[in-house]
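Each chain, written out:
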Amino acid sequence: MPVTRTPDAHWMAEARYRGQKVVVVSPDYADSVKFADEWLPAAPGTDGALAMAMGHVILKEFFVDRVTPRFVDYVTRYTDLPYLVTLVPGADGALRPGKFLTAADLGETDREAAFRPVVWDGATNAAAVPNGSLGHRYAEAGVGRWNLDLGDLRPTLSCVEGADGEAVEVELPRFDTTPAGVLRRGVPTRRVAGHTVTTVHDLMLAQYGVARAGLPGRWPSSYQDGDEPYTPAWQEPITGVPAAACARIAREFADNADRSGGRSMIIMGAGTNHWFHSDTIYRAMLALTTLTGCQGVNGGGWAHYVGQEKCRPVTGWAQLAFGLDWSRPPRQMIGTAYWYLHTDQWRYDTYDAGVLASPTGDGRFAGRHTADLLAQSARLGWMPSMPTFDRNPLDVADEALAERPDDPASYVDEALRGGRLGFAGQDPDAPENWPRVLTVWRANLLGSSAKGNEYFLRHLLGTDASLRAAEAAPEQRPSDVVWRDAAPEGKLDLLLSLDFRMTSTTLFSDVVLPAATWYEKHDLSSTDMHPFVHAFTPAIAPPWQTRTDFAAFHALARAFSDLAATHLGVRKDLVVVPLLHDTPDALATPGGVVRDWADGGTMPKFVVVERDYGAVADKMAALGPLLDRLGTTTKGVTVDVNPEIQTLARTNGVVDGRPRLDTDVRAAEAILALSGTTNGRVATAGFHFLERRTGTALADLAAEHEGKRITFADTQSRPVPVITSPEWSGSETGGRRYSPFTINTERLKPWHTLTGRQHFFLDHDWIHEAGEALPVFRPPLDMHALFGEPRLGATGELEITLRYLTPHSKWSIHSEYQDNLIMLTLSRGGPTIWISEADAARIRVRDNEWVEAVNRNGVVVARAVVSHKMPEGTVYMYHAQERVVDVPKAEASGRRGGIHNSLTRLLVKPTHLVGGYAQLSFAFNYLGPTGNQRDEVTVIRRRSQEVEY
Amino acid sequence: MRVMAQMAMVMNLDKCIGCHTCSVTCKQAWTNRSGVEYVWFNNVETRPGQGYPRTYQDQKRWQGGWVRTRRGRLKPRSGGRVKRLLSIFANPKLPSIQDYYEPWTYEYEHLLTAPAGDQTPVARPTSLITGKQTRITWSANWDDSLAGGNETAGGDPILARVSEQVRQEYAKAFMFFLPRICEHCLNPSCAASCPSGAIYKRTEDGIVLVDQDDCRGWRMCVTGCPYKKIYFNHRTGKAEKCTFCFPRVEIGIPTVCSETCVGRLRYIGLMLYDADAVARAAAVADETDLYAAQRSVFLDPHDPRVAEAARRSGIPEDWIDAARRSPVWDLIMRYEVALPLHPEYRTMPMVWYIPPLSPVVDVLRDTGHDAEDAGNLFGAVDALRIPVEYLAELFTAGDTAPVTAVLRRLAAMRAYQRRVNLGEPPDESIATGVGMTGQRIQDMYRLLAIAKYDERYVIPAAHAEAAAGLEELATGCSLDYEGGPGMGGTGPFGESSGRYEPVAVENFHALRSRQTADSPARVNLLNWDGKGRPEGLFPPRRDEEERP
Ligand code: SF4
């Protein structure tokens with residue numbers, strides 16, 4: 001935190017002075033350890049094991065041995081713990097958790113019935129459907145019922161109390177062993193509508209291994225039992241954290257939450273993120289804050305300190321960013337899958353996705369390549385794909401309209417099912433499916449963020465690269481995706497960058513447009529960490545040839561439009577839209593039961609829109625008329641913004657009758673005017689919209705600011721606190737600080753999930769296949785088994801195989817400025833790799849000597865930083881050390897040593913491709929496959945100290 | 001009693017995150033020029049570590065500060081006036097450029113001009129001293145965050161003093177950051193070392209400055225300053241140092257390092273002191289008494305007699321008022337949590353520090369010890385990872401009692417506030433246990449945790465009518481000397497950072513050869529203005545001889 005959230009760090013020290021206790025979990029003696037009262041040095045990638053064991057302690061001591069009223073009340077109201085889950089026999093007859101029991105199982109037949117899960121009501125001693133589930137969110141019958149008000153319902157947490165069912169053993173997967181194993185533990189059950197069911201709470205206790213009297217199965221005997229997951233003793237050999245410390249910290253965490261009313265917090269940094277199985281780490285950690293009632297409480301819960309660069313005035317921003325005022329829907333894409341395919345990293349996946357599956361699964365991943373699963377995800381409309389078709393969508397639109405003018409979508413649907421039209425993702429290496437033009441703006445792809453840098457260089461750019469991996473052998477290749485024998489190299493025709501610095505990316509760019517810096521332009525800045533909107537105000541005009549981003553893109557648009565008017569004219573375009581979250585699309589897959597096309601499975605949606613290519617620049621410079629008619633929609637909340645459009649026409653002036661957006665300040669004004677966070681009227685209108693659905697009072701949250709409109713000038717004079725708005729889940733009303741989910745807990749507004757509550761249990765088929773229906777520990781991937789890398793710890797002459805991590809560095813997060821002369825003078829003056837003293841001694845390398853790190857993905861040359869603050873077995877190469885400064889040639893390749901991402905690549909986790917089902921539905925910047933790289937290992941060796949450039 | 005006012009600073013090390021923002025902004029403001037590439041008026045060093053310049057705290061080697069003679073008088077460690085004059089042309093006790101670091105830049109130009117090739121171009125490092133390609137082996141902050149491990153930290157003179165077992169291990173690792181500027185001492189040994197009398201302490205606010213006109217470049221001050229906070233500008237041939245940002249402070253705004261401190265850990269305020277008492281206090285026999293001795297020279301501005309004496313000394317009313325609101329006074333005298341850096345140097349430093357808390361060691365963690373409990377928090381002070389002995393060597397000449405007392409007071413504040421924060425009844429015994437009251441603890445909490453800008457920086461503006469007291473400030477811009485920051489001419493860190501400036505390489509050679517020469521060259525330096533090349537002053541040019 002002091003490293004990546006530098007400006008906030010002082011609050012940490014100050015909170016400690018208020019009596020806050022801090023425990024830091026970090027494999028190295030990181031800068032954040034300075035705030036710690038205690039340091040738990042868990043081994044890299046094992047945080048999930050530590051959290052599972054802490055969960056064991058909390059469930060045992062605060063739910064079973066002693067019932068903590070505050071916690072029980074919280075989980076009953078705000079989580080899925082009381083919900084009923086069916087138990088279903090697998091092929092061998094053993095029972096496993098199945099699906100949520102829903103109103104459909106109780107005999108209700110409306111379309112949404114399968115999206116109204118069921119609890120056991122202790123008041124009436126009968127199955128009951130609480131308000132607030134997804135099934136209440138869109139149906140007419142749900143009006144006024146989409147809320148968390150339980151009324152007279154008394155959901156029972158466990159089937160123990162007064163149940164008629166017997167206790168049965170269920171099978172639950174464990175992944176801490178090789179191969180993965182199965183736990184057999186008992187749960188109490190009930191019979192409801194012909195189903196044997198138990199509760200999520202009962203399953204959680206079984207999963208965590210918290211024994212209760214009278215239940216069958218194998219259970220840990222005590223905290224000291226190291227064989228049975230998930231005890232404190234079990235985690236000790238995995239994490240290196242002493243069992244006693246694990247148990248005590250868990251107890252303190254929960255006790256503090258109880259005493260303080262939910263003010264225990266986990267600040268999660270990038271160290272637990274970017275693992276292949278980070279979602280399991282997250283869920284294990286989230287279980288701690290949720291079980292203890294800390295979510296939706298100021299001062300408690302989950303503080304997500306990585307990758308959450310969200311925009312406070314999100315509604316206005318989205319209108320302009322995606323041109324929603326002129327045309328809807330927009331095209332959006334998931335970055336990880338895009339680069340996975342187009343940089344041909346998929347060709348180097350040598351494992352069968354079945355190796356990731358659970359022993360309790362039914363084999364749906366077996367024999368399938370990740371590219372196959374990705375193709376299926378695109379085909380079913382779960383995730384977007386780009387380019388979508390193997391033909392130009394303009395031509396597809398023409399054809400569809402010619403064939404079926406009234407219903408072009410159905411034509412496309414049939415053409416796809418009939419095989420006359422194909423998805424590009426089914427043949428990504430076909431030349432017509434290559435990306436040809438890439439614009440890098442506000443980013444440093446090839447010096448910072450491109451995981452699999454050498455794959456980018458070879459396949460996308462076609463430059464020399466140090467990629468050493470072998471492609472998948474014939475039997476390892478995809479079955480549904482076309483394999484072309486010669487992998488394409490150099491797909492791009494044009495790489496354009498806008499930057500104010502010479503970066504590793506601009507080095508490779510065909511064209512670099514000189515850009516203005518932050519201090520030379522008008523702009524807005526906000527995050528979801530801070531309740532403020534800030535302005536950028538130029539200190540000087542952009543010097544020399546530089547232009548602001550705004551000016552550069554408008555100039556490009558103008559030039560493009562002039563040419564396009566004749567070359568492209570006005571065309572119809574076919575936009576392919578995935579099944580979206582916060583829309584009725586989330587009802588597309590009842591029960592999360594996966595059906596492919598053969599079984600009537602889902603499709604993306606096909607929408608024809610008009611493109612007037614000659615008018616692009618004009619449209620960019622004005623607020624479009626679609627907004628008048630459709631208003632704005634964010635997270636399912638629609639607001640009529642005609643008053644704002646009229647105001648903008650007055651303040652910004654008009655062009656052809658539309659409000660002007662032709663300067664950066666005017667664009668900023670539009671963003672501020674159209675967003676609830678910065679316009680009290682919009683916020684209040686949004687809450688009124690929501691109130692109709694929830695049947696509860698919400699608009700008062702924004703009422704104090706109903707007349708307030710934050711203008712750009714306001715943000716220039718000082719950072720402006722935002723207004724409570726339905727765009728976000730926290731409340732700033734009355735000057736309190738933003739904390740997520742306070743509107744949910746205090747105003748009983750549902751979470752946007754299947755039950756409307758926070759979920760411990762996920763019942764989608766693919767999640768079951770992965771064995772991740774419940775919180776679970778999954779260790780880092782075994783790169784030896786998957787890719788044939790040497791085993792961790794393997795040594796050769798002057799070389800050793802170590803875990804390779806790329807943490808965020810001091811002084812640079814992603815792109816900017818750690819390599820300026822002053823910062824380099826305050827450090828080592830060029831790329832470095834941190835290594836423990838013991839590992840350094842093994843390869844006889846001393847501080848500041850040159851080393852080479854080599855794995856199948858590439859090669860890095862850097863100087864060693866030897867430090868006792870590093871744990872054995874792991875090296876760090878801090879993020880974004882560019883190849884522009886002091887990078888010699890590598891011995892291993894004879895080429896320029898790479899960047900930190902030369903040793904990494906993307907791996908796609910199949911469960912991240914799930915869509916079309918409740919909270920597991922695509923939303924831009926919310927759900928999609930992660931770009932993970934922390935599971936990687938590298939051979940590191942001392943090299944000749946004579947370096948060549 | 002002769003009342004004087006001193007502008008002073010306190011830094012709370014518990015809050016320093018080692019971001020180096022202070023160093024960067026200071027450098028941009030003051031030493032972003034050729035001649036001072038290697039100079040950081042503000043630097044932040046990782047402890048344990050060697051510091052900047054390396055091992056500067058080893059006074060046996062560097063001979064800075066004062067020593068007490070057997071007769072109870074103070075004399076500069078580097079020797080009395082006669083000895084200094086005798087060695088004036090061959091001062092052997094100067095850190096070499098390697099002890100600071102050899103500043104460098106990169107061939108950035110090459111990135112733009114390299115012809116097409118099969119390798120991407122790269123900017124190689126180039127020494128700013130020799131102009132040649134170089135290999136980087138030390139920097140202004142080489143051991144940042146324990147970089148270099150034992151190989152580097154093993155050279156920490158403080159570590160060597162506190163423990164025979166100097167070797168650090170992963171399991172027992174500890175670290176903290178120590179930001180440093182000039183101490184603007186009450187008893188400055190730099191000024192005492194200067195043969196030209198060019199270093200002066202301003203009567204109005206105690207800021208120590210080098211008169212650029214009077215400085216003759218003897219560099220005795222570099223030796224004399226035990227903190228090594230006087231630097232030699234090898235372009236002008238004169239000494240330079242931290243100015244406490246006097247042009248800012250005079251108009252009531254904080255120093256650049258404080259203004260930009262991200263950790264919000266710096267406090268600036270006035271201290272009134274009895275100038276007549278300084279010499280005796282600095283000469284107390286026992287080094288461990290120096291902390292108390294220095295506190296004894298401070299005068300309580302709330303005492304009407306002190307205020308009256310201050311008025312008689314010509315201290316304006318608003319300054320007396322500012323002294324009463326001084327956060328520095330509160331932290332040093334009222335809450336007793338700030339300590340001087342190396343009082344044993346006997347210079348009476350005026351930048352003080354609150355020592356850092358740190359995690360407890362594993363022993364406690366494994367035994368189920370709960371550091372959250374008030375009782376245990378006190379107990380845990382002895383179990384903190386940063387050894388109290390290490391802190392005592394920095395702040396109290398090795399006496400651990402005052403350091404432990406400070407840490408206990410901070411721990412008590414946390415325990416006391418925890419109950420308040422949880423809505424539980426306050427426990428006064430926690431406060432009385434450390435000699436405080438609940439109210440005083442809450443006041444201290446306010447100052448350490450939530451005090452805003454104008455409470456952290458209480459800086460009375462200078463009085464125009466007293467401008468004479470500011471000496472040179474009456475005329476022109478005192479920053480406007482040749483090569484000074486008031487002039488144009490950006491250095492290698494500025495917008496021209498890519499350009500290699502063939503700076504006065506000769507001066508470094510001169511420095512080195514004078515340190516090593518058998519018979520020093522004899523040149524009348526008094527007549528040399530820092531420009532040109534008097535015969536015999538410099539060794540032959542690079543192109544005339546092979547570099548050593
Ligand atoms: S700016 Fe403040 S927090 Fe950062 S290094 Fe300097 S003193 Fe420490």
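Cut-offs applied
Along every chain, residues carry numbers that run from 1 in the direction the sequence is written. Lettering for chains starts from A, numbering for ligands starts from 1, and both go in the order in which the items are written. Totals for whole chains, interfaces and linings use every residue, but because this is a predicted model, local features are given only for residues with pLDDT of at least 70 and side-chain atom pairs only at 80 or more, for both listing and counting. With hydrogens and water set aside, each side-chain value is computed from the structure's full complement of heavy atoms. UniProt positions are given in the numbering used here, feature names are shortened, and annotations may be inferred rather than shown by experiment. Definition of nearness: a residue and a molecule or strand are near each other if at least one heavy atom of the residue lies within 4 Å of the molecule or strand. Amino acids outside the nonpolar list (Ala, Val, Leu, Ile, Met, Phe, Trp, Tyr, Cys, Pro) and the charged list (Asp, Glu, Lys, Arg) are all regarded as polar, and Gly is one of them. Starting at the N terminus, helices and strands are each numbered in turn, a helix being any DSSP run of H or I of at least four residues and a strand any DSSP run of E of at least two. A helix's residues, less one, multiplied by 1.5 Å, set its expected span. The classification of residues rests on relative accessible area computed with a 1.4 Å probe and restricted to protein chains. Under 20% of the type maximum is buried, over 50% is exposed, and intermediate values are partly exposed. The criterion used for residue contact is that any of the two residues' heavy atoms lie within 4.5 Å. Whenever a nitrogen or oxygen atom comes within 3.5 Å of another N or O atom, the pair is scored as a polar contact, on the condition that within protein one atom can donate a hydrogen and the other can accept it, and that pairs from neighbouring residues in sequence are kept only if both atoms are in side chains. What gets called buried area is simply the loss in accessible area from a 1.4 Å probe that two parts show on being joined, summed for both. Salt bridge, as used here, is a side-chain nitrogen of Lys or Arg placed within 4 Å of a carboxyl oxygen of Asp or Glu. Here the rule is simple: two strands pair whenever DSSP picks up at least two bridges between them. Each axis is a line fitted through C-alpha atoms, taken for helices only over the stretch in contact, and angles between the N-to-C directions span 0 to 180 degrees. Each angle is binned into one of four classes, with values under 35 degrees roughly parallel, values over 145 roughly antiparallel, values of 65 to 115 roughly perpendicular, and all other values oblique. Throughout, a crossing is termed right-handed when the near helix is turned clockwise from the far one, and left-handed when it is turned anticlockwise from it by less than a right angle. An automatic or database domain assignment provides the domain bounds reported here. Throughout, nonpolar core names a set of buried Ala, Val, Leu, Ile, Met, Phe, Trp, Tyr and Cys residues whose side chains join them through atoms within 4.5 Å. Stacked, tilted and edge-to-face are the three classes applied to pairs of Phe, Tyr and Trp rings, where Trp contributes its six-membered ring and a pair requires centres within 6.5 Å; stacked means planes under 30 degrees apart, edge-to-face means over 60, and tilted covers the rest. Note on geometry: a ring has a charge over it if NZ (lysine) or CZ (arginine) is within 6 Å of the ring centre and within 35 degrees of the ring normal.

The name given to chain B in an unreviewed UniProt entry is Nitrate reductase subunit beta, with Phytohabitans maris as the source organism. In UniProt, chain B has this text filed under Subcellular location (unreviewed entry): "Cell envelope".

Our next topic: the site of the ligand. The full set close to the ligand counts 14 residues, and B:Cys16, B:Cys19, B:His20, B:Cys22 and B:Cys261 are the nearest of them. Per-class residue counts for the shell around the ligand are nine nonpolar, four polar and one charged.

This part covers helix H21 (residues 680–694) of chain A. All names here are of chain A. The end-to-end C-alpha distance of H21, which contains 15 residues, comes to 20 Å, matching closely the 21 Å that a straight helix rising 1.5 Å per residue would cover. Among the residues of H21, Gly680, Val682, Ala683, Thr684, Gly686, Phe687, Leu690, Glu691, Arg693 and Thr694 are the ones counted as buried. Elements in contact with the buried residues of H21: strand S21 (637–639), helix H19 (642–652), helix H20 (664–674), helix H22 (700–703) and helix H24 (742–747). The N-terminus of H21 is capped by Asn679, whose side-chain oxygen sits 3.1 Å from the backbone nitrogen of Arg681. Gly695 lies just past H21 and shows a positive phi near 70°.

Between chain B and chain A, the residue contacts involve 79 residues of the former and 79 residues of the latter. Roughly 7,000 Å² of surface becomes buried between chain B and chain A when both sides are summed, with 55% attributable to carbon and sulfur atoms. Where chain B touches chain A, the interface holds six salt bridges. A salt bridge links B:Lys15 to A:Glu14; the nearest nitrogen and oxygen atoms lie 2.7 Å apart. There are 44 residue pairs in polar contact (both at pLDDT 80 or more) connecting chain B and chain A. Secondary structure elements with two or more residues in the side of chain B that touches chain A: helix H1 (21–30), strand S5 (104–106), helix H5 (108–113), helix H6 (149–153), helix H17 (362–366), helix H20 (400–421) and helix H22 (438–450) of chain B.

Next up on the list: the sheet that holds strand S24 (residues 720–721) of chain A. Residue and element names in this part refer to chain A. Sheet architecture is open: three strands sit in the order S16-S17-S24, paired in antiparallel fashion. With partners counted over all chains shown, the strands left at the sheet margins are strand S16 (523–525) and S24, one partner each. In terms of strand pairing, strand S17 (residues 532–536) meets S24 through two bridges, oriented antiparallel. Bridge assignment links Val533 to a residue of S24, and that residue is Val720.

A word on the pattern of salt bridges. Applying the stated rule across the entire model yields 90 salt bridges over all chains. The salt bridge involving A:Glu108 is made with A:Arg116; its shortest N-O contact spans 2.7 Å.

All right, on to the packing of helix H16 (residues 327–334) of chain B against H22(B) then. Residue and element names in this part refer to chain B. Where H16 meets H22, the closest approach of the two axes is 11 Å, and the angle between their N-to-C directions is 135°. In terms of orientation, H16 and H22 fall into the oblique class. The element H16 and its partner H22 pack so that their crossing is left-handed. Across from Pro327, Asp330, Leu331 and Arg334 in H16, the residues of H22 making contact are Arg440, Leu447 and Leu448. Broken down by class, the residue content of the contact of H16 with H22 amounts to four nonpolar, no polar and three charged.

It is worth spelling out H1(B) at this point. Here H1(B) lies mainly inside the structure; seven of its ten residues are buried. Of all the residues in H1(B), the buried ones are B:Cys22, B:Ser23, B:Val24, B:Thr25, B:Cys26, B:Lys27 and B:Trp30. As for H1(B), its buried residues are in contact with helix H27 (821–825) of chain A together with strand S2 (43–47), helix H10 (246–249), helix H11 (256–259) and strand S12 (266–274) of chain B.

Turning our eyes to something else, we now look at the domain arrangement of chain A. Residues and elements named next belong to chain A. If you check the domain split of chain A, you get domain 1 (69–227 + 757–770) and domain 2 (783–942). With centres defined by C-alpha atoms, the gap from domain 1 to domain 2 works out at 42 Å. Facing the nine residues of domain 1 at the interface are eight residues of domain 2. Taking both partners together, domain 1 and domain 2 bury about 740 Å²; carbon and sulfur atoms supply 79% of that area. Of all residues in domain 1, the largest losses of buried area upon contact with domain 2 belong to His764, Trp766 and Ile767, amounting jointly to 51% of the total for that side.

So, about the nonpolar core. By size, the foremost hydrophobic cluster in this structure holds 238 residues, and its most contacted members are A:Phe389, B:Phe298 and B:Leu331. For this core, the leading source of residues is H20(B), giving nine residues. Contact partners of B:Phe298, with chain neighbours within four places excluded, come to B:Leu186, B:Met271, B:Leu272, B:Tyr273, B:Trp329, B:Ile332, B:Met333, B:Met350 and B:Trp352. Counting residues in hydrophobic clusters, the runner-up holds 92 residues, among them A:Met268, A:Trp275, A:Ala586 and A:Val776.

Below, the discussion takes up the packing of aromatic side chains. Scanning the model with the defined rule gives 48 aromatic pairs over all chains in all. Ring centres 4.8 Å apart and planes at 80° place the aromatic pair A:Tyr230 and A:Trp234 in the edge-to-face group. A:Trp234 matches A:Tyr230 in its accessibility class, with the two residues each being buried. With 5.8 Å between their ring centres and 85° between their planes, A:Tyr876 and A:Tyr878 make a pair best called edge-to-face. Accessibility classification places A:Tyr876 together with A:Tyr878 in one group, the buried group. Through a chain of ring-to-ring contacts, three or more aromatic side chains come together here, namely B:Tyr38, B:Phe41, B:Tyr52, B:Tyr100 and B:Tyr231. If you follow A:Arg5 out to its NZ or CZ, it ends over the ring of A:Tyr305, 5.2 Å from the centre. Lying over the aromatic face of B:Tyr56, B:Arg180 brings its terminal NZ or CZ to 3.7 Å of the ring centre.

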